[in-house]
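Listed below are the residues making up each chain.
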Amino acid sequence: MKKIMVILATFFFLGTATNVMAMSITGMDTAENLAQSIVGSGVTISNVSYTGTTAASGYFTGGTAAGIGIESGIVLTSGYASNLNGTSNTADNITGNNGLAGDDTLNGLIPGYTTYDATVLSFDFVSAGDSAYFNYVFGSDEYNEWVNSSYNDVFGFFFEGQNVALIPGTSTAVSINNVNGGANSAYYNNNDPSDGVPTPYAFEYDGFTDVFTAELLGLTAGTTYHIDLKIADAGDHILDSGVFIQGGSFSDTPVDPNPVPEPGTISLLGAGLLGLVYIRRKKA
């Protein structure tokens, strides 16, 4: 019976271990690899380019345990990607100042304000169908203190010049001022330590959106298109923001952001444990 309890405890540990591992960041290597890691079925990419410091981007794992709803992929930030490593929200004002210029296209999303520390991943793509999709989450350490201020870090996914990072069912851009505890709050997750309660999510940003899906519609199969994935600080160089893009989700059909285990796998595990219990009892 002791052996069975050890086996059961082992499975329990394996099933819950991710709850304490949280998010892990690996720095970017090349722009080509960064872009290729988000490509899924029915899409090919080419002519990859990257603008910004390599410290601003990287690969993440452990997103499910951290609570963002995407297990792994890439992250583009306006600061340091490495600040996202860890098992908790350790600061209310995490900052990576890269000392870089902003982006004119992003400036257009926040008229009257200037962007800084821009990070841009660009590439051409071809879809096998008439659409393309990818999943993402936006987060920031500007939440909640700087909501509805000029310090409104900005990002956008510009498909043939048009921003497709939109609140579902609207033409409104996803941003700190547009998704927060007061505006479109159904899509917002609060993780701000200054609110006086334990932060519920095991990673750095003080707030973040639900998983959204960028939709690139009306394509012609086999035709080459262009997309720019951009993020920047707004108003100054401080306080990090980032956008997480699910690995393998840039596909010609939508991809489930957080698939559950196959029922067959769960059944086999359960059957195996029951079998062990039966054998042990028979021997006894």
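What counts and how
Each chain carries its own residue numbering, running from 1 in the written order of its sequence. Only residues with pLDDT of at least 70 get local features here, since the model is predicted, and only at 80 or more are side-chain atom pairs given and counted; chain-wide, interface and lining totals rely on the full set of residues. Note: side-chain values were computed over all heavy atoms of the structure, leaving out hydrogens and water. The way it works is that DSSP assigns letters per residue, a run of H or I at least four long becomes a helix, a run of E at least two long becomes a strand, and they are numbered from the N terminus. Contacts are assigned to residue pairs with any non-hydrogen atoms lying within 4.5 Å of each other. Using the Shrake-Rupley algorithm and a 1.4 Å probe, accessible areas are obtained, with residue cover drawn only from the displayed protein chains. In this description, a nonpolar core means a group of buried Ala, Val, Leu, Ile, Met, Phe, Trp, Tyr and Cys residues linked to one another through side-chain atoms lying within 4.5 Å. Relative accessibility thresholds used throughout: buried, under 20% of the residue-type maximum; exposed, over 50%; partly exposed, between the two (1.4 Å probe, protein chains only). Known as pLDDT, the predictor's confidence for each residue is given on a scale from 0 to 100. When DSSP finds at least two bridges between two strands, those strands are taken to pair. Here is the rule: rings of Phe, Tyr and Trp (six-membered ring for Trp) pair when centre to centre is within 6.5 Å. Planes less than 30 degrees apart are stacked, more than 60 are edge-to-face, and the remainder are tilted. Criterion for a charge above a ring: Lys NZ or Arg CZ within 6 Å of the ring centre, and within 35 degrees of the ring normal. Definition of a polar contact: a pair of N or O atoms within 3.5 Å, with one able to donate and the other able to accept a hydrogen when the atoms are protein atoms, and with sequence-neighbouring residues admitted only if both atoms are side-chain atoms.

Colleague: Even after reading the chapter, I still don't get the overall build of the protein, so can you show me in this structure?
Modeller: When helices and strands are counted, the protein shows six helices and 13 strands. Considering only contacts within the protein whose residues lie at least 6 apart along the sequence, 75% involve residues at least 24 apart. Taken as a whole, the protein presents about 13100 Å² of accessible surface, with 57% of it coming from carbon and sulfur.

Colleague: Teacher, can you tell me more about the nonpolar core here?
Modeller: Most often, soluble globular proteins have nonpolar side chains that are buried together. Counting residues in each nonpolar core, the largest one holds 44 residues, and the members touching the most others are Leu121, Phe123, Phe125, Tyr136 and Phe157. Formed by 14 residues, the second largest nonpolar core is a distinct cluster that contains Ala66, Ile70, Ala81 and Leu84.

Colleague: Help me understand the confidence of the model for the protein, please; the structure alone is not making it clear to me.
Modeller: Should the pLDDT be low somewhere, the predicted coordinates at that spot are not to be read in detail. Overall, the predicted model of the protein reaches an average pLDDT of 84, with 80% of residues at or above 70. Residue range residues 2–20 is modelled with pLDDT below 50. Its contacts to residues more than four positions away, or to other chains, number eleven contacts. In the model, residues 261–284 has pLDDT below 50 throughout and makes ten contacts with residues more than four positions away in sequence or in other chains.

Colleague: What am I meant to see in the pairing of strand E6 (residues 131–140) here?
Modeller: Every other side chain in a regular strand lies on the same face of the sheet, so the side chains alternate between the two faces. Within E6, ten of the ten residues are buried, which leaves it mostly tucked inside the rest of the structure. Two strands pair when backbone bridges link them, and E6 and strand E11 (residues 212–217) are joined in this way by six bridges, in the antiparallel orientation. Bridging from a neighbouring strand, Ser131 pairs with Leu217 of E11.

Colleague: How do you make sense of the packing of aromatic side chains when you look at a structure like this?
Modeller: Each aromatic ring pair is summarised here by two numbers: the centre-to-centre distance and the angle between the ring planes. With the rule as written, the count across this model stands at 21 aromatic pairs. Centre to centre, the rings of Phe203 and Tyr205 are 5.9 Å apart; their planes meet at 65°, and the pair counts as edge-to-face. Tyr205 carries the same exposure label as Phe203, and that label is buried. The cationic tip of Lys230 hangs over the ring face of Phe158; the distance from NZ or CZ to the ring centre is 5.6 Å.

Colleague: I would appreciate a short explanation of unusual backbone geometry in the present structure.
Modeller: Excluding glycine, residues mostly carry a negative phi; peptide bonds, for their part, are mostly trans. Cis geometry is found at the peptide bond from Tyr143 to Asn144, where omega equals -15°. Looking at the element boundaries, Asn144 is found in the loop between E6 and strand E7 (154–159). The phi torsion at Asn47 lies on the positive side, around 55°, for a residue other than glycine. Topologically, Asn47 is positioned in strand E2 (residues 43–51). On the basis of relative accessibility, which here comes to 57%, the residue Asn47 falls in the exposed class.

Colleague: I tried to follow the sheet that holds strand E5 (residues 115–127) on my own but got confused; where do I start?
Modeller: One key point about sheets: their strands pair by backbone hydrogen bonds, in either a parallel or an antiparallel sense. One open sheet holds the five strands; their spatial order is E2-E5-E12-E7-E8, and the pairing between them is antiparallel. Each end of this open sheet is capped by a strand with a single partner; those strands are E2 and strand E8 (162–163). The pairing of E2 with E5 spans seven bridges and is antiparallel. Pairing of Tyr50 across the sheet is with Leu121, part of E5.

Colleague: Hey, could you run me through the side chain of Ser175 in this one?
Modeller: With respect to the helices and strands, Ser175 occurs in the loop between E8 and strand E9 (188–190). For Ser175, the residues in contact, after removing those within four places along its chain, are Phe138, Tyr143 and Asn152.

Colleague: Whenever I open this one, the environment of Tyr188 confuses me. Can you help?
Modeller: In this structure, Tyr188 sits in strand E9. In this structure Tyr188 comes out as buried when scored by relative accessible area, which is 10%. Separated by 50 residues in sequence, Tyr188 and Phe138 have C-alpha atoms that sit 9.8 Å apart. If we ignore the near neighbours within four places in the chain, the residues touching Tyr188 are Tyr143, Asn144, Val179, Asn180, Gly181, Asp206, Gly207 and Phe208. Side-chain polar atoms of Tyr188 contact the side chain of Asn144, separated by 2.5 Å.

Colleague: Whenever I open this one, the environment of Ala165 confuses me. Can you help?
Modeller: Along the polypeptide, Ala165 turns up in the loop between E8 and E9. Along the backbone, Ala165 and Tyr136 are 29 residues apart, and their C-alpha atoms lie at a distance of 9.0 Å. With near-sequence residues (within four places) excluded, Ala165 lies in contact with Tyr136, Phe155, Gly156, Phe157, Thr172, Ala173 and Val174.

Colleague: What exactly am I supposed to notice about the environment of Leu239 here?
Modeller: Mapped onto the elements of the fold, Leu239 is located in the loop between strand E12 (224–234) and strand E13 (241–246). On the basis of relative accessibility, which here comes to 9%, the residue Leu239 falls in the buried class. Note: C-alpha distance between Leu239 and Asp141 (98 residues apart in sequence) is 5.8 Å.

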